[in-house]
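# Residue-level structural notes
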Amino acid sequence: MGLHSDTITIRGGRPLTGRIELKGAKNLVTKAMVASLLGETPSILKDVPDISDVRVVRGLLEVHGVKISDGEEEGELHLDPSAVETAHMADIDAHAGSSRIPILFCGPLLHRLGEAFIPDLGGCRIGDRPIDFHLDVLRTFGAVVEKLPSGIRMSAPGGLKGAKIELPYPSVGATEQVLLTAVRAAGITELRGSAIEPEIMDLINILQKMGAVISVDTDRVIRIEGVPELKGYDHRALFDRNEAASWAAAALATEGDIFVGGARQSEMLTFLNVYRKVGGGFDIHEDGIRFFHPGKPLNPVIIETDVHPGFMTDWQQPLVVALTKAEGVSIVHETVYENRFGFVDALVEMGATIQIHRECLGGQACRFGQRNFNHSAVISGPSKLHGADIVVPDLRGGFSHLIAALSAEGTSRVSNVGIISRGYEKFLSKLETLGADFTLEG
Ligand code: EPZ
């Protein structure tokens, strides 16, 4: 992961100012890499960030026989799937770590090899994160799913066939599962209740470049006409809007001014509206967005996370840190994951006033309301945060801890920061560029 130590000491209270550059979105790039398995010829992917989730997928593709090399430009990958082969469960396990990506290998591998294995799946500790939608979808296409002690084995004795599918919830991963499977399944697939995040639209762009026939109708309906063969693609990945939102929140929390190169307005409309309501300043440029603290008190807001085009769940954690500085009571109702407020304990330890409730607050009742999940946060500000010893719990929560420590008075010791490199490229050198005062332990 490029860090010698997993612990950093941060001396807070300095505004983050300067310019950083984004690369492609983690949540698109990893899926685009999997899509290369579907092509008969090599693919080229540009703007691939140097993050550990990409390294995990690279390792998984390599154990399946995909030859991967770096291209001329920084962040360019060449993926050659001409020798795809079945991998050993032990190798898959060794490479997958805690990633949930292996589940997306199933459709492509069933098409290429007629079988697929996946290990037990992890990901961030932000709720149960089951894979039931994925398995149901694959069965609908005709896959036979066997649960073994070592993982899950799938086969497709009669081939995969297009189907009518309705998702119980617009899951990002399950929508991608349908896309990656339906493009080469026999006949037409109609998916209702699909997720329509910009990263999914960019995956559709890639699949179309490969030869797929996909239409996106209104009301979350996607239609895919299966084709017998696909070729490789050449694609520059969509920018990482979650990283952009994270740095935007960092600018607010530290009273700074950050130009996020590569960020674009249209994929961030919802975020920008909330940012403006909180009182954050932004200027939209052709090559990025400048985010800055306005120099006057911030306003409290009431937000509800949701699937696109709603306010993304991944934007919530860094923004909560900025909301501890707003004058008044803010409410965040998390409706995508049942357990995504674990990170606030550390903020409270640092002096924030945040209460977590089981009830659906500030918005409509969601599917977690009557089920004892602590999924609404009430943040009362403004609070002066002070340094503390913190252990990073997950990717987005971890980034929010970094911002909290950077905005706090005094010194913080933040451990387990390696998790942050799953999704934030070179975050320590970016912090250095922005003038943060920190040292790596060891
Ligand atoms: C993707 O996760 C992202 N990860 C997440 O980003 C993001 O938070 C999430 O989409 C929502 O936008 C990647 O793209 C790698 P989901 P995914 O399926 O696809 C439930 C980050 O920090 N569900 O849309 O796994 C699930 O438990 C990460 O970058 C089932 O019940 O999310 C959740 O409550 C974290 N059964 C909801 O659906 C299933 O089979 C949405 O999950 C699948 C999901």
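Report on the accompanying structure.

The rules we used
- Residues numbered from 1 in each chain as written.
- Predicted model: local features only at pLDDT ≥ 70, side-chain atom pairs only at ≥ 80, totals over all residues.
- Heavy atoms only, no water.
- Axes fitted to C-alpha atoms, helices over the stretch in contact; angles between N-to-C directions.
- Helix = DSSP H or I, 4+ residues; strand = E, 2+ residues; numbered from the N terminus.
- Parallel < 35°, antiparallel > 145°, perpendicular 65-115°, else oblique.
- Contact = heavy atoms within 4.5 Å.
- Nonpolar A, V, L, I, M, F, W, Y, C, P; charged D, E, K, R; others polar.
- Pairing = 2+ DSSP bridges.
- Buried < 20%, exposed > 50% of the residue type's maximum accessible area, 1.4 Å probe, protein only.
- Polar contact = N/O pair within 3.5 Å; in protein donor to acceptor, adjacent residues only side chain to side chain.
- 1 Å grid on protein atoms, 1.4 Å probe; cavity = no way out; pocket = protein on both sides within 12 Å on 5 of 7 lines; lining within 4 Å.
- Points joined across faces, edges and corners; volume = space filled by probe spheres on them.

### Concerning the packing of helix α1 (residues 26–35) against helix α2 (residues 52–63)
- Look at α1 against α2: their axes get within 10 Å of each other, and the N-to-C directions meet at 5 degrees. Classed by the angle they form, the pair α1 and α2 counts as roughly parallel. Contacts between α1 and α2 involve Lys-26, Val-29, Thr-30, Met-33 and Val-34 from the former and Asp-53, Val-54, Val-57, Arg-58 and Leu-61 from the latter.
- Split into classes, the residues belonging to the contact of α1 with α2 amount to six nonpolar, one polar and three charged.

### Here's the deal with the sheet that holds strand β18 (residues 328–333)
- Across the sheet, which stays open at both edges, the four strands sit in the order β17-β18-β20-β19 with mixed pairing between neighbours. Each end of this open sheet is capped by a strand with a single partner; those strands are β17 (302–304) and β19 (353–357). The mean angle between the axes of side-by-side strands here comes to 15 degrees, regardless of whether they run parallel or antiparallel.
- This element, helix α10 (residues 313–323), spans β17, β18, β19 and β20 (376–381) of the sheet and lies at about 170 degrees to β18.

### What about helix α6 (residues 172–182)?
- With respect to burial, α6 is a largely interior element, 10 of its 11 residues being buried.
- Burial in α6 covers these residues: Gly-173, Ala-174, Thr-175, Glu-176, Gln-177, Val-178, Leu-179, Leu-180, Thr-181 and Ala-182.
- Between the side-chain oxygen of the N-cap and the backbone nitrogen of Gly-173 there are 3.4 Å, and the N-cap of α6 in question is Ser-171.

### Thoughts on the layout of surface pockets
- Of the voids in this model, the second largest pocket is the one considered here, and its volume is about 350 Å³.
- What lines the second largest pocket is a set of 21 residues, among which Ala-253, Glu-255, Lys-325, Lys-384 and Ser-407 lie closest to the centre.
- Tallied by class, the residues present in the lining of the second largest pocket amount to nine nonpolar, five polar and seven charged.

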